[in-house]
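# Analysis of the macromolecular model
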Amino acid sequence: SIFSWLLLIISAGCIILAGAALRIRYQDVTIWFVGLLLAYAVQAFGYAFELTSDELNSVKFWLNIEFIGACFIPTCVVLFAVSYKTRLPPPLWLASSTLLISFFVLFGQLTNDFHGLGFNITGLKKIDGITVTVNHYGILYLAYSLYVHLAAIVSIIIFYRSMKNTHPVLKTQILLILVGITLTWLNYI
């Protein structure tokens, strides 16, 4: 479908942008920005193939690939915001705890067939010729959703405060970052 092609283009664009960012500037903020782009790339790649799948096992496989990136998006966006604001690496406790949350959610999703606490696709149905999933949201997925919302809100606040207290040249850059985070967050809702 057109959406799958668009997602593959977005995925490739994120990878190209990540490579360019590493070549231009190698700072602490760059590491988390690149991590965020790579997480977006993996999530978009998995989602593109999830959309083209028409059997349950295939959809679940691509959902798990999608989650490899999706689990790290909220963590990378918070650590990116903190690094951007402070121009220093994020505190070790913050990086460790948020990365641990991401790994825990990823492990929970990849083992979801055993416990059912994550994002469950219970079936497929056709609506107007389009295959859609029948979903069940487990407690782990609901906790992850809360984490996504908190990470987005915290990151938006950090970048907004940065924009108010920065040189006018950087205000446009921060505004574009805020638009990107906000649109991604609204898409998640």
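The preceding data block contains the structure.
Now for a description of the structure that goes with this document. Treat the numbers as computed from the prediction; the structure is a model and nothing was measured.

Next up on the list: the pairing of strand β1 (residues 119-127). In the sheet, β1 pairs with strand β2 (residues 130-137) via eight bridges, with the strands oriented antiparallel. Looking at β2, one finds that asparagine 120 is bridged to histidine 136. Between β1 and β2, which pair antiparallel and follow one another directly, the connecting turn spans two residues, one of which, aspartate 128, has a positive phi of 55 degrees.

With respect to the element layout, alanine 41 can be found in helix α2 (residues 28-52). Alanine 41 sits 74 residues away from histidine 115 along the chain, and the two C-alpha atoms are 28 Å apart. Apart from residues lying up to four places away in sequence, alanine 41 is in contact with Ser11, Cys14 and Ile15.

Another aspect to go through is the side chain of glutamate 50. On the secondary structure map, glutamate 50 appears in helix α2. Of the buried charged residues, glutamate 50 lacks a salt bridge, with lysine 60 as the closest side chain of opposite charge at 12 Å. Ignoring anything within four residues of it in the chain, the contact list for glutamate 50 reads Val59, Trp62, Leu63, Glu66 and Ile121.

What counts, and at which threshold
- Residues numbered from 1 in each chain as written.
- Predicted model: local features only at pLDDT ≥ 70, side-chain atom pairs only at ≥ 80, totals over all residues.
- Heavy atoms only, no water.
- Pairing = 2+ DSSP bridges.
- Helix = DSSP H or I, 4+ residues; strand = E, 2+ residues; numbered from the N terminus.
- Contact = heavy atoms within 4.5 Å.
- Buried < 20%, exposed > 50% of the residue type's maximum accessible area, 1.4 Å probe, protein only.
- Lys, Arg positive; Asp, Glu negative; His and termini not counted.
- Salt bridge = Lys/Arg side-chain N within 4 Å of Asp/Glu carboxyl O.

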